[in-house]
Amino acid sequence: MTWADEIERRVRGEHVRDAPLAPRTSIRVGGPADLLVRPADPDALAELLRAVRELALPLHVLGGGANTLVADAGVRGVVLRLPPGLGPEEARGETLVLGAGQPTSRLWVRAHALGLVGMEFVAGIPGTLGGAVAMNAGTRIGEMKDVVRRVELATAEGAGFVDASALGFAYRTCRLPPGAVVTRVEFALCRGDVRASERAMQDDRARRRRTQPLDRPTFGSTFRNPPGDFAGRLIEAVGLKGHRIGGAAWSDVHANFVVNLGGATARDVLGLVDLARSRVKERFGIALETEVRLLGAFPAEDVQGP
């Protein structure tokens, strides 16, 4: 019996061997996962976490696939994808508890239905709520740390809520305990004018359509903005806006977005990232840091920095 056989035997849910991951990411790049698992319920998730620990297998969590670059060689071990309804939703006063596998849009849909506001920034964030928490996703009008009160974490020992103050939220950063999986998120919102909230979200969506390349596969912003500046301005200033390597290019709409022009590889994307990092460092003395999470078996020579 192989390790994949053992996982399939022990863990109830969906199992896909050699699962293509490119279609499951927003930039549509990368190779397959050895085994993709979607647990049937919280007990099945707990069993999966125990199994990968006992079998000494690597475990990777894939949310909605935004801000994620999968290696061309794929991902060894188990890739976990949470179903949207893994845990129960709850609404208490101005507090909402939602599943981490839910799309980010679920937050504003449920909030508005209950007359709650304060989460307008999520209109500009793709992916899942769990992924948004893991990177403290946000826009110019807010970020996840502004509305997250507690996070439910699952480990091989069980699941429980952790206060947001223990997670080290910072700019595009959240420190989750090793081996822990976000399963539900508790949001603290407020009562307010839902129509005004909807208008603010519509305005934000319109701004994104004008200023971002939403007509092509992309994982969103590639680099974090350095203090007091903008990564897109720096990349444009060194002459890389629109620059192409293979099937990938720095967008000619927003220079901090890599777009897949068709048939891009992870190597193409990393070539653009490394070129921008080196040129900006040489000209401005600024070390750009990526927002993008690398997932899988990347050759060491292709990965040049953070």
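Residues numbered from 1 in each chain as written. Predicted model: local features only at pLDDT ≥ 70, side-chain atom pairs only at ≥ 80, totals over all residues. Heavy atoms only, no water.

This brings us to the nonpolar core. For soluble globular proteins, the rule of thumb is that nonpolar side chains tend to be buried together. Residues I7, L107, V148, F187 and L189 are the most contacted members of the largest nonpolar core, which totals 50 residues. If you tally residues by element for this core, the top one is helix α2 (residues 42–54), at 6 residues. If sequence neighbours within four positions are ignored, I7 has contacts with H15, L35, V37, L48, A51, V52, L55 and L57. Of all hydrophobic cores here, the second largest spans 26 residues; its members include A231, V238, A248 and A266. (Core = buried A, V, L, I, M, F, W, Y, C linked by side-chain atoms within 4.5 Å. Buried < 20%, exposed > 50% of the residue type's maximum accessible area, 1.4 Å probe, protein only. Helix = DSSP H or I, 4+ residues; strand = E, 2+ residues; numbered from the N terminus. Contact = heavy atoms within 4.5 Å.)

A few words now on the sheet that holds strand β2 (residues 32–39). Strand order in the open sheet formed by 4 strands is β1-β2-β5-β3, and the pairing between neighbours is mixed. The sheet is open, and its two edges are formed by β1 (13–20) and β3 (59–61), each paired on a single side. Each adjacent strand pair in this sheet contributes to an overall mean axis angle of 30 degrees, direction not counted. Across 7 bridges, the pairing between β1 and β2 is antiparallel. Within β2, the position partnered with R17 by the bridge is L35. Here helix α1 (residues 3–10) sits on the sheet and contacts β1, β2 and β5 (75–80); the angle it forms with β2, its principal contact strand, is near 15 degrees. (Pairing = 2+ DSSP bridges. Axes fitted to C-alpha atoms, helices over the stretch in contact; angles between N-to-C directions.)

So, about the sheet that holds strand β6 (residues 90–92). Taken in spatial order, the 5 strands of this open sheet run β6-β7-β13-β11-β12, and their pairing is antiparallel. The sheet is open, and its two borders are formed by β6 and β12 (158–163), each paired with just one other strand. Adjacent strand axes in the sheet meet at a mean angle of 15 degrees, parallel and antiparallel pairs treated alike. In the sheet, β6 pairs with strand β7 (residues 95–99) via 3 bridges, with the strands oriented antiparallel. Looking at the pairing, R92 lines up with T95 of β7. The strands touched by helix α3 (residues 105–113) within the sheet are β6, β7 and β13 (181–188), with β7 carrying the most contacts at an inclination of about 145 degrees.

Keep in mind that these numbers describe shape and distance, not what the molecule does.
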